[in-house]
Amino acid sequence: MPQPEGQNMINESALLESQSLRNSVLERTDVLDRVKALSLLPDGMHVTTAMVAAYFEVTVEALRALVQDHRTELENNGYHVWQVRD
């Protein structure tokens with residue numbers, strides 16, 4: 001039976017509020033490709049802040065605010081900022 005619009009198998013609101021629920025689905029990166037492909041840098045592993053913002057259709061500023069609010073959780077899940085030097 002199809003789910004009503006705005007509802008997925010995991011309630012989006014619960015996912016936003018619960019770190020333990022987010023941790024339980026952390027490895028489900030396969031679902032991202034079903035939505036649309038994430039463009040990667042030539043190394044095939046990394047992305048820029050602008051690339052992530054474009055993927056989620058948010059501004060870079062919104063993404064930076066989210067990172068600021070959840071930095072510890074993101075770092076525990078492998079988030080790392082690389083600086084490009086000229």
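Criteria and thresholds
- Residues numbered from 1 in each chain as written.
- Predicted model: local features only at pLDDT ≥ 70, side-chain atom pairs only at ≥ 80, totals over all residues.
- Heavy atoms only, no water.
- Helix = DSSP H or I, 4+ residues; strand = E, 2+ residues; numbered from the N terminus.
- Buried < 20%, exposed > 50% of the residue type's maximum accessible area, 1.4 Å probe, protein only.
- Areas by Shrake-Rupley, 256 points an atom, 1.4 Å probe, with all protein chains shown as cover.
- Salt bridge = Lys/Arg side-chain N within 4 Å of Asp/Glu carboxyl O.
- Bend = angle between axes of the 7 residues up to and from the residue.
- Contact = heavy atoms within 4.5 Å.
- Phe/Tyr/Trp six-rings, centres within 6.5 Å; stacked < 30°, edge-to-face > 60°.

Trainee: Please clarify how the overall build of the protein chain should be interpreted in this entry.
Mentor: Helix and strand counts for the protein chain come out as 5 helices and 0 strands. Start at the N end of the protein chain and walk to the C end: the helices and strands fall as α-α-α-α-α. Scored against the burial criterion, the 86 residues of the protein chain give a buried share of 7%. Only carbon and sulfur atoms are counted for the fraction: they give 56% of the accessible area of the protein chain, which is about 7,600 Å².

Trainee: Please clarify how the pattern of salt bridges should be interpreted in this entry.
Mentor: Pairing is possible between side chains of opposite charge, provided their charged atoms come close. Under the defined criterion, the tally for this structure stands at 1 salt bridge. Residues Arg-71 and Glu-75 are paired through a salt bridge, measuring 3.5 Å at the closest nitrogen-oxygen approach. You can see Arg-71 and its partner Glu-75 sitting in helix H5 (residues 60–76), 4 residues apart, about one turn around the helix.

Trainee: So what exactly am I meant to see when it comes to unusual backbone geometry here?
Mentor: Of note in this structure, Glu-57 is not a glycine but carries a positive phi near 55°. Inspection of the secondary structure assignment puts Glu-57 in the loop between helix H4 (49–56) and H5.

Trainee: Which parts of the structure should I look at to understand H5?
Mentor: An α-helical turn contains 3.6 residues, so any two residues separated by three or four positions project in the same direction. Along H5, the helix axis deviates most sharply at His-70, where the bend reaches about 85°. Restricting attention to buried positions, one finds in H5 the residues Leu-63, Val-67 and Glu-73. Those residues of H5 hidden inside the fold are in contact with helix H2 (19–24) and H4. In the segment just after H5, Gly-78 is the residue with positive phi, at about 105°.

Trainee: Any chance you could explain the packing of aromatic side chains here in plain terms?
Mentor: Between two aromatic rings, the relevant description is the distance of the centres plus the angle of the planes. Enumeration according to the criterion identifies 1 aromatic pair in this entry. With centroids separated by 4.9 Å and ring planes inclined at 85°, the aromatic side chains of Tyr-55 and Phe-56 adopt a geometry described as edge-to-face. Overall, Tyr-55 belongs to the buried group, its relative accessible area being 8%.

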